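For reference, the chains in residue letters:
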Amino acid sequence: MGQLPFLALLAGAAIACQATMNARLGVLLNNPLLASGIAFLFSFLLTAAAVATSTKHYPQIAQIKAVPVYLWFAGSTLSAFGVATFYYLIPKMGVGSMTSFALSGQILVAMIAGHFRWFGLAENPINTLKMVGMATLIVGVYLINWESPHGY
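Worth saying up front: this structure is predicted, and the values here are computed from it rather than measured. (Residues numbered from 1 in each chain as written. Predicted model: local features only at pLDDT ≥ 70, side-chain atom pairs only at ≥ 80, totals over all residues. Heavy atoms only, no water.)

**Here we look at the overall build of the protein chain**
To keep things clear, this is the line we draw: We count a stretch as a helix when DSSP gives it H or I for four or more residues in a row; a strand needs E for two or more, and each element gets its number in order from the N terminus. In this scheme, a residue with accessible area under 20% of its type's maximum is buried, one over 50% is exposed, and one in between is partly exposed, where area comes from a 1.4 Å probe on protein chains only. Whether two residues are in contact is decided by their heavy atoms, any of which lying within 4.5 Å being enough. Calculation of accessible area relied on Shrake-Rupley with a 1.4 Å probe; when residues are assessed, cover is drawn exclusively from the protein chains displayed.
What the protein chain contains, in helices and strands, is six helices and zero strands. Helices and strands appear in the protein chain in the N-to-C order α-α-α-α-α-α. The C-alpha extent of the protein chain, read off along each of the three principal axes, is 55 × 45 × 30 Å. Per-residue burial over the protein chain gives 16% buried out of 152 residues. Taking as baseline every contact in the protein chain between residues at least 6 positions apart, the subset at least 24 positions apart corresponds to 58%. If you sum the accessible surface of the protein chain, you get close to 11,200 Å²; carbon and sulfur atoms cover 74% of it.

See below:
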């Protein structure tokens, strides 16, 4: 396995761990939105420190003005929704069940986005093999959740 897939695997593991810990924070605070806000606050502080210590060249004004307006807020809005929803669902569904459904949604939308070249992505057409892969993923999610105590 190359370095990039291994790094992606580590990132996925980190997301599962942080989601579980922050969902617990939401349970203890009785407020998944507050847990989400705390997570984003500390994420911002850590990211700001990393940017301040590692960035040698900042974007020019022309580059900043060229960014479409929706890109300044749409991704953040979707991120806040996704993260807060994770923190709400994990205590109710369990991290495995929630993640299996969430990853299926991510992969499905990622395939569609690549197929239609959304947001300037390189073309990555959906073909028969990818459809078989998606169907297999759906069967896998079903099997993961087959005997869920929550009844999924």
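And the narrative resumes.
**Here's the deal with the nonpolar core**
To keep things clear, this is the line we draw: Among buried residues, the Ala, Val, Leu, Ile, Met, Phe, Trp, Tyr and Cys ones that are joined through side-chain atoms within 4.5 Å form a nonpolar core.
Core analysis: the largest hydrophobic core is formed by 10 residues, namely Ala19, Ala23, Ala35, Ala39, Val83, Tyr87, Ile90, Met93, Met98 and Ala102. Elements with a minimum of two residues in this core: α1 (3–29), α2 (32–54), α4 (74–93) and α5 (95–116). It is α4 that provides the largest number of residues to this core, a total of four residues. If sequence neighbours within four positions are ignored, Met98 has contacts with Phe86, Leu89, Ile90 and Met93.

**Side note on the packing of α1 against α2**
Just so we agree on the cut-off: Between N-to-C directions, angles cover 0 to 180 degrees, with each direction set by a line fitted to C-alpha atoms, over the stretch in contact for helices. For classification purposes, an angle smaller than 35 degrees is called roughly parallel, one larger than 145 roughly antiparallel, one from 65 to 115 roughly perpendicular, and anything else oblique. The hand of a helix crossing depends on one turn: near helix anticlockwise from the far one by less than a right angle means left-handed, and clockwise means right-handed.
Where α1 meets α2, the axes come as close as 7 Å, and the angle between the chain directions of the two elements is 130 degrees. Viewed along their axes, α1 and α2 adopt a mutual orientation that is oblique. Handedness of the crossing formed by α1 with α2: right-handed. For the pair α1 and α2, the contacting residues are Asn22, Leu25, Gly26 and Leu29 in the first and Pro32, Leu34, Ala35, Ile38 and Ala39 in the second.

**Quick look at the packing of aromatic side chains**
Our working definition: For this analysis, a ring pair means two rings from Phe, Tyr or Trp (six-membered ring only for Trp) whose centres lie within 6.5 Å, classed as stacked if their planes differ by under 30 degrees, edge-to-face if by over 60, and tilted for the remaining angles.
This model, assessed by the stated rule, comprises three aromatic pairs. Each ring, one from Trp118 and one from Phe119, has its centre 6.4 Å from the other, and the planes form 75 degrees; the classification is edge-to-face. Plain terms: the ring middles of Tyr142 and Trp146 are 5.4 Å apart, the flat faces sit at 65 degrees to each other, and that makes the pair edge-to-face. Of the aromatic side chains, those joined through ring pairs into one cluster are Tyr70, Trp118 and Phe119.

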